[in-house]
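Structural features, examined
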Amino acid sequence: MRTWSLSFEDCNELDDRIYKLRVVNCIASTGRCMSGKVAKTLATMTVTRPRIVPNKYFTSHVAKDVWSLTNEAAAAAANNANNSGRELINLGQGFFSYSPPKFAISEAQKAVDIPLVNQYSPTRGRPSLIQSLIKLYSPFYNTQLKPENVTVTTGANEGILASLMGIINPGDEVIVFEPFFDQYIPNIELLGGKVVYVPINPPKGIDERVVKGTEWTIDYEQFANSITGKTKAVIINTPHNPIGKVFTREELTTIGNICVKNNVVIISDEVYEHLYFTDSFSRIATLSPEIGQLTLSVGSAGKSFAATGWRIGWVVSLNPELLSYVAKAHTRICFSSPSPLQEAVANSINDALEINYFEQMRQEYTRKYEIFTSVFDELGLPYTVPEGTYFILVDFSKVKIPEDYPYPEELSDKAKDFRISHWLINELGVVAIPPTEFYIKEHEKAAENLLRFAVCKDDQYLEKAVERLRLLKKFL
Ligand SMILES: Cc1ncc(COP(=O)(O)O)c(C=O)c1O
């Protein structure tokens, strides 16, 4: 029997309940395409729109996220009078403009060629990746880790979600330092948890001088006082997105000891662990045995191998019981993570250790920052010296934007940095992220003059960015 599968396009809404579909293609089970290559209208049909009630969280949080807003603004501005004929320089979202290292690409290609590697992996991760992670982390943890200390996730995002899902019950509180990576908040709230914000205070004079990451500080008394009987966990992020701060051993010890005193789980987001430009990088889990027992440390192959689309991450913990709850949540979220890419990461870690790749990457990033910060030094625009990550926060207080500059309606309830970002896209064709997205409304003043630029781009691209940003001179 011959069956037909129809494909539709062009939803032509008649009212909010009924819409018309145009049948553009009709493919027989034999593979024969009825309409040929060119889509054409074969028939129209009227369909009643179903009534769908989404999760309440999504109906009460309808504001567009910063990534969509910025990408849409960039697309709209690409061909305006200022930008037509010149390339838009996108330093917004943290995706790499260049390929993963050759060895990693070759490992991915080899992996898909092995038949069994294309099938499900064990839920906690492929044995090969677990062994590579043990090899990578045991020296940092100063102990021989075992498979029970590692679980593989689908990117660090899922690692953080699984960590929270493994331990949070409705009504539990989770402390988040502000500014925060935006994904943490829905992850906590969708589980019925309550977010408690503790600021990382910006240094005085941030609008006048180049400042250091260490000058962004936490008031530890405020942190300790924000812990209640309901506090279940704290999320820390080092190296920190968007500040570029690498928390010192002393800072982490203070945070860790407060958590130990109050039995608070530490979720340490260390996705930029190989991108630090300080003498060393401290891992909170290693600072005392008691802190280690409370800590889940999250890593990402995407950041380590310039492969953010591979979606491989992991959680490491010295406490197998604590980690087992994360693994249970991971099993229910997605069961297991992409096998060929796990295999590729397993072998890439081994290759990287052999050729000292992570050290080379740090050196490359030191050069990238030298290229990029030169324009801000030239213009006298203050910034926070990046100690880690591939981001830099720059203060735009000195840039004079016309008072009557026209902005779209959707920015009217946003902080000033959204308007600075919009202006920069439209006038200079340079895309940067407004960092108040990483703050709650009440605290966004702290970052309203800042923009975050991502430097995970090839050197030539950064040189073009520098050239373009020089145009800021006439607005100072
Ligand atoms: C601080 C931080 N944590 C987690 C993630 C998510 O990492 P992944 O791409 O591995 O899910 C990112 C990605 O931008 C990040 O900046």
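Residues numbered from 1 in each chain as written. Predicted model: local features only at pLDDT ≥ 70, side-chain atom pairs only at ≥ 80, totals over all residues.

As recorded in an unreviewed UniProt entry, the protein chain goes by the name Aminotransferase class I/classII large domain-containing protein, listed as coming from Torulaspora globosa. Quoted straight from UniProt, the Cofactor (unreviewed entry) entry for the protein chain says "pyridoxal 5'-phosphate". Under the heading Sequence similarities (unreviewed entry), UniProt records this for the protein chain: "Belongs to the class-I pyridoxal-phosphate-dependent aminotransferase family." (UniProt positions renumbered as here; feature names shortened; annotations may be inferred.)

1. Some remarks on the overall build of the protein chain
Within the protein chain, the regular secondary structure consists of 15 helices and 17 strands. Over its C-alpha atoms the protein chain spans a radius of gyration of 24 Å, differing by no more than 12% from the 23 Å that the globule rule assigns to 476 residues. In terms of overall dimensions, the protein chain has a C-alpha envelope of 70 × 60 × 50 Å along the principal axes. Of all 476 residues assigned to the protein chain, the portion counted as buried reaches 42%. Across the protein chain, the fraction of contacts at a sequence separation of at least 24, relative to all contacts at a separation of at least 6, is 71%. (Helix = DSSP H or I, 4+ residues; strand = E, 2+ residues; numbered from the N terminus. Rg over C-alpha atoms; globule rule 2.2 N^0.38 Å. Buried ≥ 20, exposed ≤ 12 C-beta atoms within 10 Å, placed from the backbone. Contact = placed C-beta atoms within 7 Å.)

2. Brief notes about the sheet that holds strand β12 (residues 295-300)
Within a beta sheet, neighbouring strands are joined by backbone hydrogen bonds and run either parallel or antiparallel to one another. One open sheet accounts for eight strands, arranged β5-β13-β12-β11-β10-β6-β7-β9; its pairing is mixed. Of all strands in the sheet, those bounded by a partner on one side alone are β5 (150-153) and β9 (217-218). Examined bridge by bridge, strand β11 (residues 265-269) and β12 share four bridges and lie parallel to one another. Directly across from Ile 267, in β12, lies its bridge partner Leu 296. Where helix α4 (residues 127-141) meets the sheet, its contacts fall on β5 and β13 (313-316), and the angle it forms with β5 comes to roughly 120 degrees. (Pairing = 2+ DSSP bridges. Axes fitted to C-alpha atoms, helices over the stretch in contact; angles between N-to-C directions.)

3. Things to note about the domain arrangement of the protein chain
Per the domain assignment, the segments making up the protein chain are domain 1 (4-52), domain 2 (59-98 + 358-475) and domain 3 (118-355). Domain 2 and domain 3 are separated by 26 Å when their C-alpha centres are compared. Taken together, the contacts link 34 residues of domain 2 with 32 residues of domain 3. Among the residues forming the side of domain 2 that touches domain 3, the class breakdown is 21 nonpolar, seven polar and six charged. (Domains from an automatic or database assignment. Nonpolar A, V, L, I, M, F, W, Y, C, P; charged D, E, K, R; others polar.)

4. Focus: the UniProt feature "domain: Aminotransferase class I/classII large" (unreviewed entry) in the protein chain
As annotated in UniProt, the feature "domain: Aminotransferase class I/classII large" (unreviewed entry) corresponds to residues 87-469 in the numbering used here. For residues 87-469, the helix share is 40%, the strand share is 16%, and the end-to-end C-alpha distance is 13 Å.

5. Some details on unusual backbone geometry
Of note, the bond from Glu 178 into Pro 179 is cis; its omega dihedral lies within 30 degrees of zero at 10 degrees. Note that Pro 179 resides in the loop between β6 (173-178) and α6 (184-190). Here the amide bond leading from Thr 238 into Pro 239 is cis, since omega sits at -10 degrees, within 30 degrees of zero. Structurally, Pro 239 is set in the loop between β10 (231-237) and α8 (249-262). Non-glycine residue Asn 142 carries a positive phi angle of around 60 degrees.

6. Quick word on the site of the ligand
If you check the shell around the ligand, you find 13 residues, and the closest are Gly 155, Ala 156, Asn 157, Phe 181 and Ser 300. Ranked by residue count, the leading element in the shell around the ligand is helix α5 (residues 155-167), at three residues. Taken together, the residues of the shell around the ligand break down into three nonpolar, nine polar and one charged. (Near = placed C-beta within 6 Å.)

7. Focus: the nonpolar core
The biggest cluster of nonpolar side chains holds 109 residues, and the ones touching the most others in it are Val 394, Val 430 and Phe 453. At seven residues, α5 tops the list of elements feeding residues into this core. The two domains that each donate at least three residues to this core are domain 2 (59-98 + 358-475) and domain 3 (118-355). When sequence neighbours within four positions are dropped, the list of residues in contact with Val 430 reads Ile 89, Leu 91, Leu 424, Ile 425, Ala 465, Arg 468 and Leu 469. (Core = buried A, V, L, I, M, F, W, Y, C linked by C-beta atoms within 7 Å.)

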